Every structure is written in structure tokens, then in C-alpha cells.
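Per-entry structural report
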Amino acid sequence: MVQRVAVIGAGASGLAATKCCLDEGLEPTCFERSEDIGGLWRFTDDAASGRVSVYRSIITNTSKEMSCYSDFPCPEDFPVFLPHSLLLEYFRMYARHFQLLQHIRLKTTVLSVRKRPDFATSGQWEVVTETEGTQESHIFDAVMVCTGNFQKPHLPLASFPGIETRFRGRYLHSQEYKDAEAFQGKRVLVIGIGNTGGDIAVELSRVAAKVFLSTRSSTWVFSRVADHGFPWDMYNTTHFNHFLEWLLPSAITKRIKLRKMNSWFNHEIFGLASVKSSNFSFIINEDLPFCMLCGTIVLKSSVKEFTETSAVFEDGTTEENIDVVVFATGYEFSHPFLEESVRNPLKNNRTLYKCIFPPQLERPTLAIIGLLKLTGSVMVAAEIQSRWVTGVFAGVYKLPSTSKMMADISKKQLLEKRNLPEKQNLKINFISYTNEIASCAGVKPSVLRLLLTDPRLALAVFFGPCTSYQYRLVGRGQWSGARAAILTQWQRVLKPLRTRVMEDSASSHSWCWLGLLTLPAVLVVGFLLFKSPRPGWVPRVGPAF
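Residues numbered from 1 in each chain as written. Predicted model: local features only at pLDDT ≥ 70, side-chain atom pairs only at ≥ 80, totals over all residues. Heavy atoms only, no water.

If you check an unreviewed UniProt entry, the protein appears there as Flavin-containing monooxygenase 1 from Penelope pileata. In the Sequence similarities (unreviewed entry) part of its UniProt record, the protein is described as follows: "Belongs to the FMO family." What UniProt records for the protein under Subcellular location (unreviewed entry) is the sentence "Endoplasmic reticulum membrane". (UniProt positions renumbered as here; feature names shortened; annotations may be inferred.)

The structure is reproduced here in C-alpha cells:
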């Protein structure tokens, strides 16, 4: 039986995993290689340390209500979208409130995680750590790897002829970028137009002589600020919208999404994307189109090669006098501390059962937490993963056989190939995934049942934002404050904005009236969606509108 659990990493996922272990009566030991908690979100300007951290100016892409842990709402006076300093402060508050710090060993690096000789019967692991030069060996009944997506920078220099042999300027990966100070007056080329590439290009455009942004694929851009000034994720990520997306043909939902995003600005005119494109990757960036209009950012095609001072692009154009190249080319799947027999089959999270469990292990005592790319908050998904995983470790839930897990993985991989173009930066639909894991853990609420017992709450759950509190209404780990948290979530959004209230202002946000007008539809929808949902999930790309 599992009792002692090793948690690797004390970032957003590791804190949730440690807390969930305690909730299940397990004994966690969380190993963090740096001197403090927070992981990626603990900013440091020391790029030479090798520790991945955010850049100085970063703001969260998901709102505080859609990102917080399910039984610990963000303070109402926190802004809607958080800078790294406030998110780190939230982590500290969470750790103090649930007394997690005593279970965390700082400045301790995990060197190896290997199966014990009797693993087939015991499921135990030998974990070797190093603290200030002293190595130590531990035996654990289970391991939760919470190191996330951002560990090993992907720097594809071989794909850019001349960058290493001819180019005289400087090049770096976005991991090394901290602020724009060193780029004053430079001509900078940013390669990659993900969220990071877009953010860095915008920030550099304020100090650099010129910024060129190179992309090889179509990208749709939208803002954190949705209609009427509401946060995009609270406005769009609802069970109602998710049901419509499930119900309508994919061609229609795609047309609706593209029309919505083009209503802000025409992406084809800007050279970013076309409605005819099969690619549907997207980024969040309010400033990029404005910078392109101002000419401080120039969009370019893929780089063909580098000369001593210039970049030659696939469309035949050349940009001279390039001083710096920033590769915003993402990160690779990397868990070097896992033994080879475990690590080799793990090509990506699609080879894991539910993106969590390696299916080939004789005992389900290893879980990979937070290794996801979602259309919503990874923090929320990591917490619901941890709740289910610790329940499996405690013997509350049972995984299917290896053959059934492999069949589930193969089925989803096949569906991906049918529904999505190859080599696309896949993002799993947030609601689809969290609902599936919540179902595994027995904590997904039934809207139909809520309609019969608490109509006001049912309408807020179905038509309102899909916040994590919904997964604390029922089942194991039920939280008595979940209902109140759901019904007051918009108050916490509006609170930091009410620094100057107009005398004649009145709340224009009325979910209840919307719900009453559509009550019959909710009955049908609730029955279809929550009583007999379509089996499995198919990763969907882009936000749900």
C-alpha cells in the first residue's frame, strides 16, 4: 500500500500534489532544487543559473478566478490578471494556509528515480537526491513528477544554416531573456510566434531599433479582454459554450471562432492567418497588432539561412544588419532523472494514460503531473490530476488494465490524426480534459441534479465560467465553501476595478436572467451533457467561443 510519496518540484503543480497527498493521508516529501517555492513563476534575473523562470514583465494569460486552486480563491483585491510577483505571493499564501512548507526540502536536486528490484510486487522507487553536495538515497512507495513543460529549451540550430558558422551577431533562447535593457537600439529577429515570442517581440519593440518576427505557420491573436471588458476565459470557457461546440459541426464552430477573432482585426491583412488555413493555433497578445500598425514589429516568413550580418527568408526577402536573434522555439519533453526503461517510452504526454500514467508499468505508482498544453489554466488541471492520482495511490480509485489503457491512448491518437492536421501545436480543450479527470475522481457535478436541488447554482455552473470550484461541490474532497465561491466569483473580478465607481453605475452582468429565460434548454442540455456524455475527449485547438 502506498504511504510515502516523492513529489519532484515545488512549483504550481508540486504544491497542489503535496497538498492532495496530505488530503489522502499520505506522507509527501517534496524536493525542490532551488532555494524557494514557485517554480517557473519565481522570477530571477540570473539566466546563467540554468533555472528556467519567467521574464520580468510577464502577466498571466488566464485570469485569477480561472487559475486558482479549487479550495483557495485568490484574494479579491488581487488584479484579474496577475504579474509573477503576485502569483508567487498566492503560492506562498496557499503553502502557509495548508502547512505545506514543512514537507518541502529546498536546495535538493533529484538525481535519479529508479524502480526497486521488487517493483513488480511493491511498486516502490529508489530516489537519489543531492543537497549541498551530499547525496542521499530514499525509498518511496510512489512518485509524482511535477516539473512541468519548461525544462529543456528546444534550440533547433541545425534548421537555420549559417547561424553557428557565419552569423556574427548574438543568438539566444527565450529562456535566457529577462528584460529589454540589453537590446536598446538593436535590430532584433525573434523566431517563433507563440505566446512567449509575441510577448518578447512586443516588449523589445519599445526599445529596439526594429523587431522582426518570423513565423512559419498561421497564428490567430486574441486579447485577454473580451466583450464588455470581461476576462476572455471567464467569458468564453463555459459549459454552455462547450456544449454548443460539441453539438455543432466542427466546420461551423471553426467559422464562428474565426469570425469572432477577425472582428477585432483582419488577420489576413496583417499576414498572420487566413480563414482558409487548416492551422488553428492561437496566442494571447493585446499589443501585437498595434505594434505592427506602428511598424515597430515587422512580420516575416520562415528563415532560410543566415549570412554574417543578415537573415534570408523563405519568401526571398533579406533583412540586413541583424544584431540579435531570439529563438522562441519552445521546450522539449525531458525527465533525465527517470531510469531509461521508464523514460524511453515517454515520447510526449500523448503516450501517457490520461496524460498522467505511464501505462507499461507493472504498478501504477508513477504519475506525471502538469505536462499539458491546454486552452485554459494548467494549474487547475494539475490540481484535478493530483486529486485523482493521490486517490489512486490511496486505493480509492483503480486504474484499468494495461491493455485497456493502451487501447485508450491509441484511440485518442487516432482521433487526433483524423481531426487535426499534422505537426500542429496541439492544445487540449480545457473543459473536456478537466471534466474527464473529474469524472475519474468522481467529483464532476451533475447540472441536472443541481437544477432540481439548487437552481441558482446550476445556472451559474452551466452558463457561468468553468472555475475550479465546481469540482469541489460533490464527491471526495468536497469543500463547504465551493458554492459561495462560485456565486461570488464575479464580485472578486470586479472588486479591484472599483477604484472609481460611477454614481449611476449598475451591474450589467445578469447570469440569472439568462438562465431563467433558457431553463427548459438547460434541462435538456444537462441531461445530454452530464448524464450521457460523448465518450472520451478529442484535443481541440483554440478557445471556446
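Moving on from the model shown.
Moving on to the side chain of aspartate 454. Relative to the elements of secondary structure, aspartate 454 occurs in the loop between helix H14 (447-453) and helix H15 (455-463). For aspartate 454, a relative accessible area of 15% puts it in the buried group. Polar side-chain contacts of aspartate 454 include one of 2.5 Å to the side chain of arginine 483. (Helix = DSSP H or I, 4+ residues; strand = E, 2+ residues; numbered from the N terminus. Buried < 20%, exposed > 50% of the residue type's maximum accessible area, 1.4 Å probe, protein only. Polar contact = N/O pair within 3.5 Å; in protein donor to acceptor, adjacent residues only side chain to side chain.)

Moving on: the sheet that holds strand E11 (residues 210-214). As summarised here, the arrangement of the five strands in space is E9-E18-E10-E11-E14, forming an open sheet in which the pairing is parallel. Strands at the two margins of the open sheet, each flanked by one partner only, are strand E9 (170-173) and strand E14 (297-300). Put simply, the sheet's adjacent strands are angled 20 degrees from each other on average, direction ignored. With four bridges connecting them, strand E10 (residues 187-191) and strand E18 (residues 324-327) associate as parallel partners. Residue leucine 189 lies in a different strand from E18, and its bridge partner there is valine 325. Packing against the sheet, helix H5 (residues 195-204) makes contact with E10, E11, E14 and E18, and its axis sits at approximately 170 degrees to E10. (Pairing = 2+ DSSP bridges. Axes fitted to C-alpha atoms, helices over the stretch in contact; angles between N-to-C directions. Contact = heavy atoms within 4.5 Å.)

The next point concerns the environment of leucine 293. Considering the arrangement of structural elements, one finds leucine 293 in helix H9 (residues 288-294). A sequence separation of 23 residues divides leucine 293 from phenylalanine 270, and the C-alpha atoms of the two residues are 8.7 Å apart.

There is a patch of nonpolar side chains on the surface, built from Leu247, Leu248, Ile252 and Ile256 and spanning about 320 Å² of accessible area. Following the sequence through the fold, isoleucine 252 ends up in helix H8 (residues 250-262). Of the residues examined, isoleucine 252 reaches a relative accessible area of 39% and is grouped as partly exposed. (Patch = residues over 30% accessible without salt bridge, like charges linked within 9 Å, V, L, I, M, F, W, Y side chains within 5 Å. Areas by Shrake-Rupley, 256 points an atom, 1.4 Å probe, with all protein chains shown as cover. Salt bridge = Lys/Arg side-chain N within 4 Å of Asp/Glu carboxyl O.)

Across the sheet, which stays open at both edges, the three strands sit in the order E15-E16-E17 with antiparallel pairing between neighbours. With partners counted over all chains shown, the strands left at the sheet margins are strand E15 (303-306) and strand E17 (318-319), one partner each. Note: strand E16 (residues 311-313) against E17, two bridges, orientation antiparallel. Following the sheet pairing, alanine 311 is matched in E17 by glutamate 319.

We now examine the pattern of salt bridges. The full count for this structure, using the stated rule, is 26 salt bridges. For aspartate 36, the salt bridge goes to arginine 92, with nearest N and O atoms at 2.8 Å. Taken as a pair, aspartate 36 in the loop between strand E2 (27-31) and helix H2 (64-67) and arginine 92 in helix H3 (residues 84-97) lie far apart in primary sequence, 56 residues in all. Judged by relative accessible area, which is 24%, arginine 92 ranks as partly exposed. Across the pair arginine 483 and aspartate 454 runs a salt bridge whose closest N-O atoms are separated by 2.5 Å. Of the two residues, arginine 483 is situated in helix H16 (residues 482-487) and aspartate 454 in the loop between H14 and H15; the sequence distance between them amounts to 29 residues. The partly exposed category is assigned to arginine 483, whose relative accessible area is 34%. A single network of salt bridges, built from pairs that share partners, joins Lys19, Asp23, Asp71, Glu383 and Arg472.

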